Structures are given as C-alpha cells and as structure tokens.
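Per-entry structural report
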Amino acid sequence: MRLILSTLLLGIILGCSGTDQTQNLSPKEAFIDSLLNEMTLPEKIGQMSQATGSFEFTGPITSDSSTLELVRTGRLGSFLNVVGAERTREAQEMAVNGSRLGIPLIFGYDMIHGYATTFPIPMGEAACWDLDLIKRSAEITALEASAAGVHWNFAPMVDIARDPRWGRIMEGAGEDPWWSSKVAVARVEGYQGDDLSSTGTIAATAKHFAAYGAAEGGRDYNTTEVSERTLREIYLPPFRAAAGAGVASFMNGFNDLNGVPASASHLLVRQILKKEWDFKGFVVSDWASVQEMTDHGYAASDKEAARLSLAAGCDMEMVSTTYETYVEDLVAENASYLAMIDDAVQRILGIKYDLGLFEDPYRYSDAGREAKYVLHNDHFKHAREVAKKSIVLLENRDNTLPLDMDLAKIAVIGPLINDPVTPLGTWSAQGKKEHVTTLLEGVQLAVSEQTKILTTNGCEVNSADKTGFKKARSLAKQADVIIAVVGEEAMMSGEALSRSDIGLPGVQLELLQMLKATGKPVVVVLMNGRPIAEPWMYENCDAVLETWHLGVQSGPAIADVLFGTYNPSGKLPVTIPRSVGQIPIYYNHKHTGRAFDPADRYTTKYIDEKYGPQYPFGYGLSYTNFEYSNLLLDKSSFQAGESISIEVIVTNTGPVAGEEVVQLYVRDMIGSVTRPVLELKGFEKIMLAPNESQTLHFSLSAEELRFWDEEMQFNWEPGDFKVFVGPNSEDLLEAEFKLL
Ligand code: NOJ
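Because the structure is predicted, anything quoted here is derived from the model rather than measured. (Residues numbered from 1 in each chain as written. Predicted model: local features only at pLDDT ≥ 70, side-chain atom pairs only at ≥ 80, totals over all residues. Heavy atoms only, no water.)

Take helix 17 (residues 439-446) next. Those residues of helix 17 that fall on the buried side of the exposure criterion are L439, L440, G442 and V443. Taken down its axis, helix 17 places every buried residue within 160 degrees of arc, on the same side. Taken together, the buried residues of helix 17 touch strand 12 (409-413), strand 13 (452-456), strand 14 (481-487), strand 15 (522-527) and helix 21 (554-562). (Buried < 20%, exposed > 50% of the residue type's maximum accessible area, 1.4 Å probe, protein only. Helix = DSSP H or I, 4+ residues; strand = E, 2+ residues; numbered from the N terminus. Arc of directions from axis to C-beta. Contact = heavy atoms within 4.5 Å.)

What follows is the structure, given as structure tokens:
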C-alpha cells in the first residue's frame with residue numbers, strides 16, 4: 001500500500017491488515033468498520049453527498065460554489081461530471097491531502113454508449129443479439145473511462161420501455177424483460193469485469209429504479225402507475241439480473257410509482273432491493289430527485305425530503321443538498337437515523353474499497369493510460385463491427401439491396417447524409433463529431449473509382465422549408481439509385497426529449513415522396529433514437545435500413561450493409577407501431593376476452609387504424625432467406641426438476657451466407673392470473689452458408705416458466721403450454737407440452 005493517504009487513514013489501514021479473528025470480519029469489513037469509527041457525523045454525511053463538476057451538467061445546478069471547500073473538509077464524497085486524468089487527479093488531491101481522513105472521492109459519469117469511442121445507442125445495440133459484442137462495448141467504455149480517472153458509470157439503464165414517445169427508450173434494451181436482463185448482465189460484466197480494483201474496470205449502475213419507463217403518455221419524469229405484479233414481472237427482472245451480476249450501485253428513478261416517488265420508495269429500495277435481493281452495493285438518487293419530492297407534493301420541506309429518502313434507503317444524494325443540510329438535525333431529533341447513515345456509508349466506502357481507491361486513490365487518473373487507450377484503433381474496429389450488426393433491414397423490395405459498388409451514379413440525399421453529430425446520438429459523453437465517419441464518407445470509401453456520387457440535403461431534419469427539393473429531384477433523376485438519409489437528430493431522443501408525434505420530423509416524408517416519384521429506386525437509411533411510425537415510408541420505399549444512432553463508425557458500418565460486405569442480421573428489440581394512437585403496443589401483451597378478428601365488429605381493434613404493429617418485436621430481414629422446419633419436442637410432458645428439449649431445423653434457402661437470430665417463445669395457456677400471449681425464453685444466433693441447414697437445440701425447465709401467481713408467489717403452475725420458434729414474434733412454428 002502506498003503511503004499517500006492521511007496519517008489517520010494510514011493508521012486505520014495498518015491496523016486492519018489482517019483478519020480480525022475476534023469479530024470474524026474480512027479485511028475489507030474491518031477496514032471500513034475502523035474508518036467508520038473515526039468519522040464524525042458531518043464526514044459521514046459528506047460520503048452520502050455527490051456534487052456536479054462545472055464541466056458538464058444534465059440539469060439545473062443546485063449545488064453552491066463552496067463545493068471545493070466541502071471536498072477539502074471531508075464533507076463531499078463524490079463528483080459527477082468531472083472527467084479526465086488531470087482534472088480527476090486535481091480534485092482527488094484536494095480530498096486526499098486536504099481532508100482530515102483523506103477519504104478518496106468517487107467520480108461518476110454518464111457513459112451510456114461509450115466514453116470517447118461512441119458505440120450505437122443502447123437500444124440500437126440491443127438489435128445485434130450478440131452478448132459478446134455488447135459486453136465488449138462496455139469493456140471498452142470502462143477501459144477508456146478508467147484511464148481518464150472515472151470510477152463509476154451511470155449505466156446500464158435497464159428500464160423496460162413500451163412507449164416510443166418516451167425519449168429515453170433509446171437508453172435501454174427495448175421492451176422485453178428476458179432480453180433486457182441478458183443485456184443488463186452483459187453490460188454490467190463488461191463495465192465491472194471480474195475485479196473492480198483492476199485499472200481497466202469501473203463500477204456500474206442499474207437505473208432508474210424502477211418503472212421509470214412507464215411514464216404516463218411517454219412524458220419524461222412523469223407519473224407511473226404499475227401493479228406490483230407487472231412491476232415484478234416486466235419492469236424488475238433486468239434490475240434483478242443486474243443485482244445478480246454484482247452491479248455496484250442502483251439509481252432511483254425520477255418517477256412517482258403508485259403514489260410514492262421512487263427516491264422514497266421503501267418497497268423498492270429497502271424491501272425489494274436490499275432485503276429480498278440482498279443487494280450489498282449502494283443506491284444513489286437521480287439528479288436532485290430527493291429535493292424534487294417537495295415538487296411531487298410528497299415532502300413538505302427539503303428536510304422532510306431528506307428524511308424520507310434516508311429512511312427509504314437512498315444512500316447518496318445526487319446534486320441536491322438536503323442530506324448535507326438536514327441530516328445532522330434529523331439525527332439530533334432521532335438517533336435511530338444513525339444506523340441508517342452507518343449502513344449507507346459502509347456501502348459507499350465498500351465500493352470505494354473494491355475499486356482499490358484506499359490503496360491508491362490516483363490509480364485511475366493516469367495521463368499515460370488516458371493517451372494510450374482513449375480512442376484506440378481497436379476500439380474503432382469494434383465500433384464498426386457492433387454498428388453493422390446492429391442495423392436492421394426492414395424492407396428490401398425486389399432485392400434492391402445490396403447495391404453494386406460500381407454503379408455509375410448514386411444520389412445521396414437527405415438532411416443527415418454528412419452530419420457528424422447525429423450518429424453520436426444523445427448521451428455522447430466525450431464522443432466528438434471529429435471522430436465520426438459520416439454516411440457520405442462511408443459510401444465514398446466503399447464505391448469504385450468510377451462511381452459518381454451526387455449529393456444534396458434536400459431539406460433540414462425539422463423545418464418546413466422545401467426549397468432544396470428542386471435540386472434533390474434533379475440529382476435523383478440522374479442517378480441509378482437514391483440513398484435517402486432521414487430521421488431524427490441526436491437531440492430528439494434521450495432525457496427530456498419525448499415526442500408526441502413519432503413520425504419523420506419536418507418535410508422529410510415529403511422529400512421521400514418526391515424522390516420516389518422520380519421512379520428511381522429509393523433506399524432509406526433511417527437514423528433515429530426511437531421507433532419511427534411512418535407507414536408510407538415503410539410501405540413504398542424500395543428498401544429501408546433501420547440504423548439508429550450508430551456511433552463513430554456509422555458511415556462505414558452502413559456502407560458495409562448497403563454494398564453487401566456485411567449481410568444484415570439485426571432484429572428489433574422493440575415493436576415499431578404504425579401510429580402514435582397504437583401506443584402502448586408490445587408483443588408480450590395479454591389475451592383479451594375478444595381477440596382481434598377483422599370480421600367481427602365486437603373484438604379488440606381500432607376503427608381507423610390497422611390492429612397490428614408496423615413491425616413486430618424480433619423482426620429483421622437478411623439478404624438471404626431462412627426456412628424453419630421440424631419443430632420437435634423430446635416429450636409431451638415433464639415435471640418440475642426435469643426439462644424439455646426443443647429442436648428445430650433452420651435452412652438458408654437463399655443465395656448468400658447469413659446470420660439468423662432464432663427466437664424461442666412460450667405461452668402458458670391457462671394461469672391463476674392471465675398470462676402474456678408470448679414470452680421470449682431463448683435465442684440462438686447462427687451463421688449459415690447457402691443451402692446449409694442446422695438443427696438447433698433449446699431446453700426449458702419449470703424454473704423458466706415461473707411467474708407471479710394469484711398469491712404473488714413466484715412459481716410455475718402445472719398445465720398446458722405452447723412453445724414457438726421463429727425469426728420474429730409473429731412468424732412462428734408451434735408445438736405443445738404439458739407441465740405436470
Ligand atoms: C439525470 C438522469 O436521469 C440520469 O440518468 C443521469 O445519470 C443523471 N442525470 C446524471 O447525469
């Protein structure tokens with residue numbers, strides 16, 4: 001251990017270097033115990049307080065200018081938005097050398113899809129159905145961030161979202177609890193690795209606990225009303241999975257859940273997280289969410305807000321300062337808060353200990369490593385790989401794609417053709433437009449020397465101005481094919497960026513209609529942070545590629561797919577509605593007593609809109625075709641303790657090699673409470689050469705068929721089930737079995 005900490009802290013470290021046999025504490029527990037004994041109440045409260053640096057911010061700054069003084073006096077334990085080896089070192093020196101106990105700060109930051117090397121937005125990346133790639137993005141994020149002095153990521157966001165109006169749908173893994181849980185684990189493992197103290201790993205946060213994605217009307221920060229069954233069955237599984245994977249922290253949601261703001265939810269934090277799940281890490285509030293409980297009309301004063309959050313188990317307050325201001329008074333009035341404070345501080349110090357900060361508080365603030373790892377070439381290679389695999393081919397009429405690389409003339413038209421900002425998406429952390437290769441640059445790099453590329457924007461993303469249409473039409477007419485690049489800018493999705501109309505903004509649809517009217521094939525490259533409802537585009541354009549906001553290698557990755565260097569394999573992690581009026585629309589809905597029947601007036605439907613979505617969950621095309629056959633079960637019934645084997649043959653019947661995401665769903669036919677029509681329970685991603693077949697094997701156990709029953713017990717129920725296998729949640733082969 002280096003002798004860089006204060007004498008007091010050093011004394012504690014030396015005093016705890018062996019296992020304390022008398023109390024049977026681990027070295028970590030003994031160290032934290034002794035440190036806690038040395039701490040004054042204000043120092044403890046300091047550990048429970050987080051301020052924002054002035055370098056970046058994501059909300060109203062509520063902390064005052066004496067923040068640095070707090071650091072020097074041991075009254076602040078954490079910063080967010082202070083990044084870079086040099087800056088974090090400076091701030092750390094203030095805490096370690098200035099304060100009485102020299103307890104190191106923990107630096108948190110939002111790295112939702114990369115630190116400086118930006119990967120696809122999380123929802124887009126979830127379309128690749130490749131957990132190794134997803135984990136690798138998180139590992140790279142951790143490597144870059146940790147070299148820049150950041151210890152702690154406010155990711156993964158694991159909120160299930162069933163409403164694409166909600167701008168933050170882009171931050172999660174979509175609508176399905178099973179897939180979102182797998183992605184949550186991959187991301188937590190990627191950020192944290194096996195050893196938090198390693199210099200290449202960082203602590204992760206599962207957020208926003210909980211049901212924040214169910215905000216009314218898709219309006220950010222809004223109220224949520226979710227039954228406990230739906231909460232546990234739909235919204236909590238990814239959080240449970242993250243906790244199981246050892247995630248270091250949880251973040252409260254901004255939302256009021258069933259009448260209680262999540263930051264004061266005893267049920268969520270004390271009962272479910274800390275008791276039922278035995279979570280040992282710490283809970284941080286969201287930005288000022290403790291203080292905002294006064295605005296919710298839940299706390300009568302800031303002091304009461306502090307009391308309610310502390311009592312509910314929120315260990316660290318982000319940005320607002322109610323803990324700093326009122327917790328001492330609360331203790332003076334009622335000493336029983338001390339135990340809660342000690343528990344919170346132990347949890348926070350525990351993660352600082354795991355990160356190795358007591359051993360060397362500067363281990364992550366390393367300018368040499370920062371220069372070496374941030375924006376490393378290998379990270380860009382990965383960015384291209386994961387980006388191309390996240391693209392979903394939605395339409396490909398008459399095999400318009402892939403395009404020949406030696407076409408004579410290609411018109412690249414649209415407001416986003418050469419925009420280096422949009423591919424970074426929202427929450428781009430240290431991602432910079434200079435690092436982005438745009439669509440146009442990607443196409444230019446891919447085509448032959450003879451190919452002439454004609455370009456114009458045609459219009460802006462969100463404007464009524466159509467003066468650019470004339471030039472666009474004239475270029476389009478000269479070309480063999482039109483690549484039309486349209487969608488949403490980066491800052492049209494993400495926090496505080498909900499939309500009430502989720503079609504193409506501005507006159508972009510009209511631009512597409514004008515281009516289509518030229519008679520030339522129109523390939524739409526859609527860049528967006530949420531599902532876009534625009535039926536005409538999907539139903540009339542010759543090809544449509546869903547490319548999300550793909551990150552720094554957006555251009556080359558899209559060109560890989562446009563020109564067939566890569567055969568697309570992405571599948572939607574979220575349903576695409578036909579119109580806003582259909583929302584919420586998701587594949588794992590319940591049965592009704594009157595299932596949709598177009599011939600029967602008295603069944604569930606709209607009179608002015610088709611019933612189904614534009615594209616179902618799990619959907620995505622390829623440049624080849626896959627045929628599914630011979631769905632077989634090894635038995636017709638089984639009992640708890642056994643499992644059933646399911647096999648299916650998938651054949652590539654098309655002209656080129658391709659990858660397919662084979663999906664397995666179940667339906668519990670009758671339950672003590674009604675069950676969803678389908679639930680995803682497995683998938684395999686396979687590569688098949690033309691004419692190649694593969695037999696895939698899945699298995700299901702009773703454990704995997706559990707749900708929250710009538711008595712709110714998590715259990716399976718004997719009875720009839722259907723199992724389905726197919727390329728998406730609509731085109732499915734089916735078989736039946738019985739659970740005895
Ligand atoms: C508010 C957001 O809701 C949260 O996700 C984020 O981590 C914090 N701001 C910190 O930036």
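Moving on from the coordinates now.
One open sheet accounts for five strands, arranged 4-3-2-1-10; its pairing is parallel. Each edge of the sheet is formed by a strand with only one pairing partner; in this case those strands are strand 4 (152-153) and strand 10 (317-318). Sheet analysis places strand 2 (residues 78-80) next to strand 3 (residues 106-109), joined by three bridges and oriented parallel. Counted as the bridge partner of S78 is I106 from strand 3. (Pairing = 2+ DSSP bridges.)

A few words now on the domain arrangement of the protein. When the domains of the protein are assigned, the result is domain 1 (1-38), domain 2 (48-370), domain 3 (388-582) and domain 4 (626-739). Each of domain 2 and domain 3 was reduced to a C-alpha centroid, and the two centroids are 35 Å apart. In this complex, domain 2 contributes 42 residues to the contact, which on the side of domain 3 involves 37 residues. Between domain 2 and domain 3 lies a buried interface of about 2900 Å² when both sides are counted; carbon and sulfur atoms form 59% of it. It is T118, P164 and R165 that lose the most area in domain 2 upon contact with domain 3, and together they represent 19% of the buried surface on that side. Measuring nitrogen to oxygen at the nearest pair gives 3.9 Å for the salt bridge that ties E495 to R168. (Domains from an automatic or database assignment. Buried area = accessible area lost by both parts, 1.4 Å probe. Salt bridge = Lys/Arg side-chain N within 4 Å of Asp/Glu carboxyl O.)

By the alternation rule, side chains of strand 3 split into I106 and G108 and F107 and Y109, which are all buried. Once you follow strand 2 into helix 5 (residues 85-98) and on to strand 3, the crossover reads as right-handed. One ladder, built from two bridges, connects strand 3 with strand 4; its direction is parallel. The partner of G108 across the bridge, within strand 4, is W152. (Right-handed = clockwise from strand over helix to strand, strands pointing away.)

So, on to the sheet that holds strand 22 (residues 693-701). The antiparallel open sheet is built from three strands, whose spatial order is 17-19-22. In this open sheet, the two strands that pair with only one neighbour each are strand 17 (626-633) and strand 22. In this sheet, adjacent strand axes meet at a mean angle of 20 degrees when their direction is disregarded. Relative to strand 19 (residues 643-652), strand 17 runs antiparallel, the two being bridged by six bridges. Residue Y628 lies in a different strand from strand 19, and its bridge partner there is V650. (Axes fitted to C-alpha atoms, helices over the stretch in contact; angles between N-to-C directions.)

Our focus in this paragraph is the packing of helix 11 (residues 266-276) against helix 12 (residues 302-312). For the pair helix 11 and helix 12, the least separation of the axes is 8 Å and the interaxial angle reads 25 degrees. Taken together, the axes of helix 11 and helix 12 are roughly parallel relative to one another. Residue-level contacts link H266, V269 and R270 of helix 11 to L310, A311 and A312 of helix 12. (Parallel < 35°, antiparallel > 145°, perpendicular 65-115°, else oblique.)

A complete count under the given rule lists 38 salt bridges for this structure. Its salt-bridge partner being D354, residue K28 comes within 3.0 Å of it at the nearest N-O pair. Taken together, the residues K28 in helix 2 (residues 27-38) and D354 in helix 14 (residues 337-354) connect sequence positions 326 residues apart. Judged by its relative accessible area of 28%, K28 falls in the partly exposed class. Residue D354 is classed as partly exposed on the basis of its relative accessible area of 25%. A salt bridge links R347 to D343, with the shortest nitrogen-to-oxygen separation between them at 3.0 Å. One end of the pair is R347 and the other is D343, both in helix 14 and four residues apart, which spans about a single turn. Through salt bridges with shared partners, a single network forms among E385, K388, K389 and E659.

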